[in-house]
Amino acid sequence: GAGVSQSPSNKVTEKGKDVELRCDPISGHTALYWYRQSLGQGLEFLIYFQGNSAPDKSGLPSDRFSAERTGGSVSTLTIQRTQQEDSAVYLCASSLYPLADTQYFGPGTRLTVL
Amino acid sequence: QQQVKQSPQSLIVQKGGISIINCAYENTAFDYFPWYQQFPGKGPALLIAIRPDVSEKKEGRFTISFNKSAKQFSLHIMDSQPGDSATYFCAASRSEAGGFKTIFGAGTRLFVKA
């Protein structure tokens, strides 16, 4: 079956613009995660969804970042008024159920803020 | 208490040699320790994982050694091959209300010379 997909694969935007990043998890996976990977850095946890609700938003770096998930499937990460320090690869992962050990990652969206 | 410290940051190994990557954690509540492998332009993928009730797990050329008292674990890649060249992330996870919290190390870039 299809894996986790993300779009766009690359996004270049100007400082101050809003961007939306999309994640389509593996069908049937109830848990969905967003991570940020800066150049040469590890994976920074942003937010976790269980179904449509987000029990853990602790990783969102500022109120410019928000995410939603509708229908227990597709999720959108929105960054408002982008800053240059937001440039990174944004990775989405899903798992079969909330307590599942294995997360399946998408290929990521590379965001560049000029 | 939430950190997972990974070393080295980068590693160069000759083909056929042993690659060793080390990780240390602080929070004794962690109960699952996966390793992820990431190739350029791809999302991380689960490679091998261990629970703290065993001290070693082997899958093919990949072995995790786990030292619960020292709160350390390591990945050994035997007979390293050029195709193993990738970035490796260790992680530590714990179950908590509403889901599974995973903390990733900063990653190790492995290059295997032919």
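The structure presented is a predicted model; accordingly, all values stated were derived computationally and were not measured.

K.L.:
What exactly am I supposed to notice about the layout of surface pockets here?
P.N.:
Over the atoms rolls a probe the size of a water molecule, and in doing so it shows where empty space is left. Empty space within the largest pocket amounts to approximately 760 Å³. Gln 37 and Arg 110 of chain A together with Gln 38, Thr 87 and Arg 109 of chain B are, among the 35 residues lining the largest pocket, the residues nearest its centre. Looking at the lining of the largest pocket, the elements with two or more residues in it are β9 (88–95) and β11 (109–113) of chain A together with β2 (10–14), β9 (86–96) and β11 (108–113) of chain B. Along the lines of polarity and charge, the residues of the lining of the largest pocket split into 14 nonpolar, 18 polar and three charged.

K.L.:
Just checking my understanding: could you explain the sheet that holds strand β3 (residues 19–24) of chain A for this structure?
P.N.:
Each strand in a sheet pairs with another by means of backbone hydrogen bonds, the pair being arranged parallel or else antiparallel. All names here are of chain A. A sheet is described by the order of its strands in space; here four strands give the open sequence β1-β3-β8-β7, paired in antiparallel fashion. What marks the edges here is a single partner per strand, and that holds for β1 (5–7) and β7 (65–69). Strand-to-strand twist across the sheet, computed as the mean angle between neighbouring axes with direction ignored, equals 15°. Bridge count for β7 against strand β8 (residues 75–79) is five bridges, and the pairing is antiparallel. For Phe 65, the partnering residue across the bridge sits in β8 and is Ile 79.

K.L.:
What's the story with the state of the cysteines in this structure? I'm lost.
P.N.:
Simply put, the disulfide is a covalent bond whose two ends are the sulfur atoms of two cysteines. Scanning the entire structure with this criterion turns up two disulfides over all chains. Two residues share a disulfide in this structure: Cys 23 of chain A and Cys 92 of chain A, whose sulfurs sit 1.8 Å from each other. Between Cys 23 of chain A and Cys 92 of chain A, the S-S dihedral sits near -65°, and the bridge is therefore left-handed. Placement of the pair is Cys 23 of chain A in strand β3 and Cys 92 of chain A in strand β9, with a sequence separation of 69 residues. Using a relative accessible area of 0% as the deciding quantity, one classes Cys 23 of chain A as buried. Taking the relative accessible area as the measure of exposure, Cys 92 of chain A reaches 0% and is therefore buried. Linked covalently through their sulfurs, Cys 23 of chain B and Cys 90 of chain B form a disulfide whose S-S length is 1.9 Å. As the torsion about the S-S bond is roughly -95°, the Cys 23 of chain B-Cys 90 of chain B disulfide counts as left-handed. Taken together, the residues span a long stretch of sequence, with Cys 23 of chain B in strand β3 (residues 19–25) and Cys 90 of chain B in strand β9 at a distance of 67 residues.

Cut-offs applied
- Residues numbered from 1 in each chain as written.
- Chains lettered and ligands numbered in written order.
- Predicted model: local features only at pLDDT ≥ 70, side-chain atom pairs only at ≥ 80, totals over all residues.
- Heavy atoms only, no water.
- 1 Å grid on protein atoms, 1.4 Å probe; cavity = no way out; pocket = protein on both sides within 12 Å on 5 of 7 lines; lining within 4 Å.
- Points joined across faces, edges and corners; volume = space filled by probe spheres on them.
- Helix = DSSP H or I, 4+ residues; strand = E, 2+ residues; numbered from the N terminus.
- Nonpolar A, V, L, I, M, F, W, Y, C, P; charged D, E, K, R; others polar.
- Pairing = 2+ DSSP bridges.
- Axes fitted to C-alpha atoms, helices over the stretch in contact; angles between N-to-C directions.
- Disulfide = S-S within 2.5 Å.
- Buried < 20%, exposed > 50% of the residue type's maximum accessible area, 1.4 Å probe, protein only.

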